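Here is what each chain is made of, one letter per residue.
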Amino acid sequence: MGAPTLRGMSYADLRELQTALTLAADLASGLQQAPSRQDADRLVDVLRHALTTAGSLGSEPDPAGGPTGCAAHPHGAVDPLYGDPEDPLPPGYGKCLLCNDRRRRADARPHPPLRRSA
Ligand SMILES: [Zn+2]
C-alpha cells in the first residue's frame, strides 16, 4: 500500500463509488442463470473499481478544507510525524498537531509509556 493521497477523496469520489455499486447491482440482477465469463469479468471490474474507491474514502484528509483536515483546527499546524514511516502516528491520529498533542496527553495517562526512550 502506498502513502495516503494528499488530495484525498471528495464528494465526487463518493458519487463514483455509489455509481459503481449501483452498476454492479444492476449487472448482478441482470445476470442469467448461467452467466458467461464475460459477464463475470465485467462484474468483477465494476466491483473492483468500487472497492478501490471505497478503500480510498478512509483517507479523507480534507473534510474541513484546511491543511490539517481537522474540523476544529482546519488551519492549525500539521503534525510533523504525520506520514513519517520511521515513527508512525498511532492509529486514530490525524494530521492536526493540536489534536494529536491532546491525544498524546490523554494516551499517556491510562497506559504506561510504550516508547523505549523519550
Ligand atoms: Zn485539531
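None of these values were measured; they are calculated from a predicted model.

Rules of the game
- Residues numbered from 1 in each chain as written.
- Predicted model: local features only at pLDDT ≥ 70, side-chain atom pairs only at ≥ 80, totals over all residues.
- Helix = DSSP H or I, 4+ residues; strand = E, 2+ residues; numbered from the N terminus.
- Buried ≥ 20, exposed ≤ 12 C-beta atoms within 10 Å, placed from the backbone.
- Contact = placed C-beta atoms within 7 Å.
- Expected span 1.5 Å × (residues − 1).
- Arc of directions from axis to C-beta.
- pLDDT = per-residue confidence, 0-100.

A short note on the overall build of the chain
On a plain count of helices and strands, the chain comes out with 3 helices and 0 strands. Going from N to C terminus, the chain has its helices and strands arranged as α-α-α. With 118 residues in all, the chain has 11% of them scored as buried. In the chain, once contacts between residues fewer than 6 apart in sequence are set aside, the share between residues at least 24 apart is 47%.

Looking at helix H1 (residues 11–30)
With 20 residues, H1 should reach 28 Å at 1.5 Å per residue; the first-to-last C-alpha distance of 28 Å fits that figure. Turning to H1, its buried residues are Leu17, Ala20 and Ala24. Taken down its axis, H1 places every buried residue within 65° of arc, on the same side. Among the exposed residues of H1, those pointing more than 90 degrees away from its buried face are Tyr11, Ala12, Arg15, Gln18, Thr22, Ala25, Asp26, Ser29 and Gly30.

Describing the environment of Leu27
With respect to the element layout, Leu27 can be found in helix H1. In sequence terms Leu27 and Val46 are 19 residues apart; their C-alpha atoms lie 9.1 Å from each other. Ignoring any residue separated from it by four or fewer positions in sequence, one finds Leu27 in contact with Arg42, Leu43 and Val46.

Quick word on the confidence of the model for the chain
With 75% of its residues at a pLDDT of at least 70, the chain reaches an overall mean of 79. A low-confidence stretch, residues 1–9 (pLDDT under 50), is modelled with 15 contacts involving residues beyond four sequence positions or located in other chains.

Looking at the environment of Leu14
By secondary structure assignment, the location of Leu14 is in helix H1. Overall, Leu14 belongs to the partly exposed group, with 13 C-beta atoms counted inside 10 Å. Put simply, Leu14 and Thr53 are 39 residues apart on the chain and 7.7 Å apart in space, counted from C-alpha to C-alpha.

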